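# Commentary on secondary and tertiary structure
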Amino acid sequence: GENVEQHPSTLSVQEGDSAVIKCTYSDSASNYFPWYKQELGKRPQLIIDIRSNVGEKKDQRIAVTLNKTAKHFSLHITETQPEDSAVYFCAAIIGNEKLTFGTGTRLTIIP
Amino acid sequence: GAVVSQHPSRVICKSGTSVKIECRSLDFQATTMFWYRQFPKQSLMLMATSNEGSKATYEQGVEKDKFLINHASLTLSTLTVTSAHPEDSSFYICSAGGSPPYEQYFGPGTRLTVT
């Protein structure tokens, strides 16, 4: 089955700086890689996703890059703001199968 | 985007009793729904895949007789935690996807506390 590793587990950055979270996956057949933001006690919210036929995708301050050869993908948040503080999860899916989540990164933005 | 609801949002029950959690897709039909469990400060762990009109598929280590799943319609899946114990206390979240099921829409979750 798929295995997804995520680093770091915690990350603190100064407001306005950039944050980068990295994930690796094990199954080369994985073809969809979403990123979720979860605030305490709430549901995960999809913030950006990328499919295996694309190397990079950007949406305002958020970007995701995918390296299929190395089997890793990263989330980049620029110009961080206090409201970016949350737990972020990467995930991978193979075809129509289930999502496998990473272990999560607790991001804290320091004002 | 699509909306998934869950009920109840929070439930407290006594050890040994059973609890039913409902997951509904409000504006789309879902032949497949997923049930996750999330312990504090941990990731979402898939418990089972709920298939409309057929038996659920459980992940390794999840007891199918303890976590009963019923997916009787295209908009409703239920998870029943039978003979609950304190260690079953957790945040239970369902999700449903579009077609193909790439983007998963999550329910708001149910906080279960077993005393």
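Reading guide: rules and limits
- Residues numbered from 1 in each chain as written.
- Chains lettered and ligands numbered in written order.
- Predicted model: local features only at pLDDT ≥ 70, side-chain atom pairs only at ≥ 80, totals over all residues.
- Heavy atoms only, no water.
- Disulfide = S-S within 2.5 Å.
- Helix = DSSP H or I, 4+ residues; strand = E, 2+ residues; numbered from the N terminus.
- Buried < 20%, exposed > 50% of the residue type's maximum accessible area, 1.4 Å probe, protein only.
- Pairing = 2+ DSSP bridges.
- Axes fitted to C-alpha atoms, helices over the stretch in contact; angles between N-to-C directions.
- Contact = heavy atoms within 4.5 Å.

### Regarding the state of the cysteines
Residue and element names in this part refer to chain A.
- As enumerated under the stated definition, the model contains two disulfides over all chains in all.
- For Cys23, the disulfide goes to Cys90, at an S-S distance of 1.9 Å. Measuring the twist about the S-S bond at about -100 degrees, one finds the Cys23-Cys90 disulfide to be left-handed. Of this pair, Cys23 sits in strand β3 (residues 19–25) while Cys90 sits in strand β9 (residues 86–93), and the two are 67 residues apart along the sequence. In this structure, Cys23 and Cys90 share a single accessibility class: buried.

### Here's the deal with the sheet that holds strand β1 (residues 4–7) of chain B
Residue and element names in this part refer to chain B.
- Strand order across the open sheet formed by four strands is β1-β3-β8-β7, with antiparallel pairing between neighbours. Each having just a single partner strand, β1 and β7 (67–73) make up the two edges of the open sheet. Between one strand axis and the next, the sheet turns by 15 degrees as a mean value, whatever way the strands run.
- As paired elements, β7 and strand β8 (residues 76–81) share five bridges and run antiparallel to each other. Along β8, the bridge assignment pairs Ser73 with Leu76.

### So, the environment of Phe73 of chain A
All names here are of chain A.
- Relative to the helices and strands, Phe73 resides in strand β8 (residues 72–77).
- Note on Phe73: relative accessible area 0%, which makes it buried.
- Separated by 18 residues in sequence, Phe73 and Ala91 place their C-alpha atoms 9.9 Å apart.
- Apart from the residues within four sequence positions on either side, Phe73 is in contact with Ile21, Lys22, Cys23, Tyr25, Phe33, Trp35, Thr65, Leu66, Cys90 and Ala91.

### Brief notes about unusual backbone geometry
Residue and element names in this part refer to chain A.
- For the peptide bond that leads from His7 to Pro8, omega is -5 degrees, which places it in the cis range.
- Topologically, Pro8 is positioned in the loop between β1 (4–7) and β2 (10–14).
- A positive phi is found at Lys71, a non-glycine position, where the angle reads about 60 degrees.
- Position of Lys71 relative to the elements: it lies in the loop between β7 (62–67) and β8.
- Lys71 gets classed as partly exposed once you look at its relative accessible area, which sits at 24%.
- One non-glycine residue, Glu79, lies in positive phi territory at about 45 degrees.
- Mapped onto the secondary structure, Glu79 falls in the loop between β8 and β9.
- Judged by its relative accessible area of 53%, Glu79 is exposed.

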